[in-house]
Amino acid sequence: MTVMLSADQARRIALRAQGLLGAPDRRGGVRGVLRHLGAVQLDTISVLARSHELVPYARLGAVGRPAVEGAYWGSETTFEYWSHAACILPIEEWPLFAFRRRAYRGRGNLWGHQVPPETYRAVLDKLRAEGPLTSTGLGGAKRTAEWWDWSDTKIAVERALAFGDVVCTERRSWKRVYELAEQAVPAELYGQDLSDEECLRRLVAQAGAALGVATRADLMDHHRLKGTQVESVIEASGLVPVQVEGWAAAAWADPAALASEPRGRHRTTLLSPFDSLIWDRARTERIFGMTHRLEAYTPKHKRVHGYFAMPLLAGGRLVGRVDPAREGRTLVARQVSLEGPKFVAPLAEALREAAAWVGCDAVRVERLADEGLRPALEKLL
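Residues numbered from 1 in each chain as written. Predicted model: local features only at pLDDT ≥ 70, side-chain atom pairs only at ≥ 80, totals over all residues. Heavy atoms only, no water.

*Asks:* Give a description of the overall build of the protein that names residues and reports values.
*Replies:* Check the secondary structure of the protein and you find 17 helices and 14 strands. Computed over its C-alpha atoms, the radius of gyration of the protein comes to 22 Å, within 12% of the 21 Å expected for a compact globule of 381 residues. Taking the principal axes of its C-alpha atoms as reference, the protein extends roughly 65 × 60 × 40 Å. Classification of the 381 residues of the protein by burial places 55% in the buried group. Within the protein, counting contacts between residues at least 6 apart in sequence, those at least 24 apart form 64% of the total. Total accessible area computed for the protein in this model is approximately 16900 Å², and 51% of it derives from carbon and sulfur atoms. Here the protein carries 52 positive and 46 negative side-chain charges, and the mean point of each set is 3 Å from the other. (Helix = DSSP H or I, 4+ residues; strand = E, 2+ residues; numbered from the N terminus. Rg over C-alpha atoms; globule rule 2.2 N^0.38 Å. Buried < 20%, exposed > 50% of the residue type's maximum accessible area, 1.4 Å probe, protein only. Contact = heavy atoms within 4.5 Å. Areas by Shrake-Rupley, 256 points an atom, 1.4 Å probe, with all protein chains shown as cover. Lys, Arg positive; Asp, Glu negative; His and termini not counted. Charge placed at Lys NZ, Arg CZ, Asp CG, Glu CD.)

Printed below as a string of structure tokens:
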């Protein structure tokens, strides 16, 4: 029989699956968060901090930023690859992306670039001889000053990354550090050669566990799989068919998520727009009723909520948005919208904690959608 879930149950299941309901796993730390989520998206934008730092902060609180970076880079317990987008992944997931590496290799010509075979071989030989290097260390990333005008060396090493001949387990000053996969990936993982079917089955199961409850479209989006790929393994994935009140599409749930009622303390925090709780905009609207868009690339005069508007999570719901910035030791809320007066206290809590985390000792609110809330907010701040 198909399990029936209310919309509220589905919301709480999703929150717990994402580590935002219940006691945080502080013993596991940042690496524990990454293993639990399965993927943390990378992005170049840095306002309060870069998105991959904001994700563990949202779950663990004010964990030291050096500890966050140390957990991600240079320990060879993680690697960077194309999942939902460019993501940090636990090294244990290396075998699961063999299907994608094979697909890239089968295509050969990636992103419209061509590169001489001898250049490809030279890149691998240099890494074998000298160890991990950035594209600069390999000979330079660009032909000209234009950001898109890659050198043959950069094209070759990015192709090798896609194919799985090299791996990125570290970034230095935001530059990828490339290393031969045979040297960087533990032998017991590097030697695994999973079939496409097994890769997909395990990735769909992992996505289901990270999401808690999900439609086919949700499962597709998590690691950017095709619908036919999800359908081919969904029955073997171990996920349980469910029906969620108000959801038009069929859904599946992780059996562990159904084993107990999701209870515990709700996290109050600001969320990166690239946080895996909300990176799927259609799912975010379906579960939380919030239509959220990243407006960083929208012309300033057309923005509604701001350059890097961060949704406010409180009481298990998305109850507002803050567009943050920093000026010296002041956290500036350039633009704030809130669903009502009862959320002023959670907003103040989230702003104070975020300010302390990034080394600010004051908070200034510039534009407040409902100015009637300002006296109460400023008193709490």
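*Asks:* Describe the sheet that holds strand 8 (residues 240-244), naming the residues involved and giving the relevant values.
*Replies:* Reading across the sheet, the four strands line up as 1-8-9-7 and stay open at both edges, with mixed pairing between neighbours. Edge positions in the sheet fall to strand 1 (3-5) and strand 7 (213-215), since each of these pairs with one other strand and no more. In this sheet, neighbouring strand axes are inclined to one another by 40° on average, regardless of whether the strands run parallel or antiparallel. In this structure, strand 8 lies alongside strand 9 (residues 251-253), joined through three bridges in antiparallel fashion. Note on strand 9: the bridge partner recorded for V242 is A251. Contacts between helix 1 (residues 7-17) and the sheet are confined to strand 1, strand 7 and strand 8, with strand 1 contributing the most and set at about 90° to the helix. (Pairing = 2+ DSSP bridges. Axes fitted to C-alpha atoms, helices over the stretch in contact; angles between N-to-C directions.)

*Asks:* Summarise the sheet that holds strand 14 (residues 362-368); cite the residues concerned and give the values.
*Replies:* Read from one edge to the other, the open sheet built from five strands follows the order 10-11-12-13-14, with strand pairing classed as mixed. With partners counted over all chains shown, the strands left at the sheet margins are strand 10 (269-270) and strand 14, one partner each. In this sheet, strand 11 (residues 310-314) lies alongside strand 10 in antiparallel orientation, the contact comprising two bridges. Considered in strand 11, the bridge of T269 is made with L313.

*Asks:* Please provide a residue-by-residue account of the environment of S276, values included.
*Replies:* Among the secondary structure elements, S276 is positioned in the loop between strand 10 and helix 15 (281-288). Judged by relative accessible area, which is 6%, S276 ranks as buried. Residues S276 and T330, 54 residues apart in the sequence, show an inter-C-alpha distance of 28 Å. Those residues within four positions of S276 in sequence are excluded, and the remaining contacts are Q18, L37 and R59. A polar atom in the side chain of S276 sits 2.6 Å from the side chain of Q18. (Polar contact = N/O pair within 3.5 Å; in protein donor to acceptor, adjacent residues only side chain to side chain.)

*Asks:* Account for helix 6 (residues 117-130), with residues named and values stated.
*Replies:* Given a rise of 1.5 Å per residue, 14 residues ought to cover 20 Å, and the 20 Å separating the end C-alpha atoms of helix 6 matches this to within 8%. Within the span of helix 6, buried status applies to T119, Y120, V123, L124 and L127. Each buried residue of helix 6 lies within a common arc of 140° when the element is viewed along its axis, so the set occupies one face. Pointing more than 90 degrees away from the buried face of helix 6 are the exposed residues P117 and A129. Of the surrounding elements, those touching the buried residues of helix 6 are helix 7 (135-138), helix 8 (152-163), strand 5 (166-172), strand 6 (175-180) and helix 9 (181-184). (Expected span 1.5 Å × (residues − 1). Arc of directions from axis to C-beta.)

*Asks:* Break down the pattern of salt bridges for me, with residues and values.
*Replies:* Under the criterion given, the structure shown has 29 salt bridges. A salt bridge links R283 to D218; the shortest N-O distance between them is 2.9 Å. Here the residue R283 occupies a position in helix 15, and D218 occupies one in helix 12 (residues 216-223), the gap between them amounting to 65 residues. Summarising the burial analysis for this pair, R283 and D218 share the class buried. Each of D8, R11, R12, E261 and R317 takes part in one network of salt bridges that share partners. (Salt bridge = Lys/Arg side-chain N within 4 Å of Asp/Glu carboxyl O.)

*Asks:* Before we move on, could you go through the side chain of T268 and cite the residues and values that matter?
*Replies:* Relative to the helices and strands, T268 resides in the loop between helix 14 (255-258) and strand 10. Its relative accessible area of 10% is what places T268 among the buried residues. Among all residues touching T268, those that are not within four sequence positions of it are L313, A314, P346, E349, A350 and E353.

*Asks:* Pulling in residues and values, what's your account of the pairing of strand 5?
*Replies:* Counting buried positions along strand 5 yields five of seven residues, so the element is predominantly enclosed. Here strand 5 runs beside strand 6; their pairing, made up of six bridges, is antiparallel. Its bridge partner being in strand 6, R172 is matched across the sheet by K175. Between strand 5 and strand 6, which pair antiparallel in sequence order, lie two residues; one of them, S173, sits at a positive phi of approximately 50°.

*Asks:* Please provide a residue-by-residue account of the packing of helix 6 against helix 8, values included.
*Replies:* Where helix 6 contacts helix 8, the axes come no closer than 9 Å and their chain directions differ by 75°. Relative to helix 8, the element helix 6 lies roughly perpendicular. Where helix 6 abuts helix 8, its residues T119, Y120, V123 and L124 lie against D152, T153, A156, V157, R159, A160 and F163. Considered class by class, the residues forming the contact of helix 6 with helix 8 number seven nonpolar, two polar and two charged. (Parallel < 35°, antiparallel > 145°, perpendicular 65-115°, else oblique. Nonpolar A, V, L, I, M, F, W, Y, C, P; charged D, E, K, R; others polar.)

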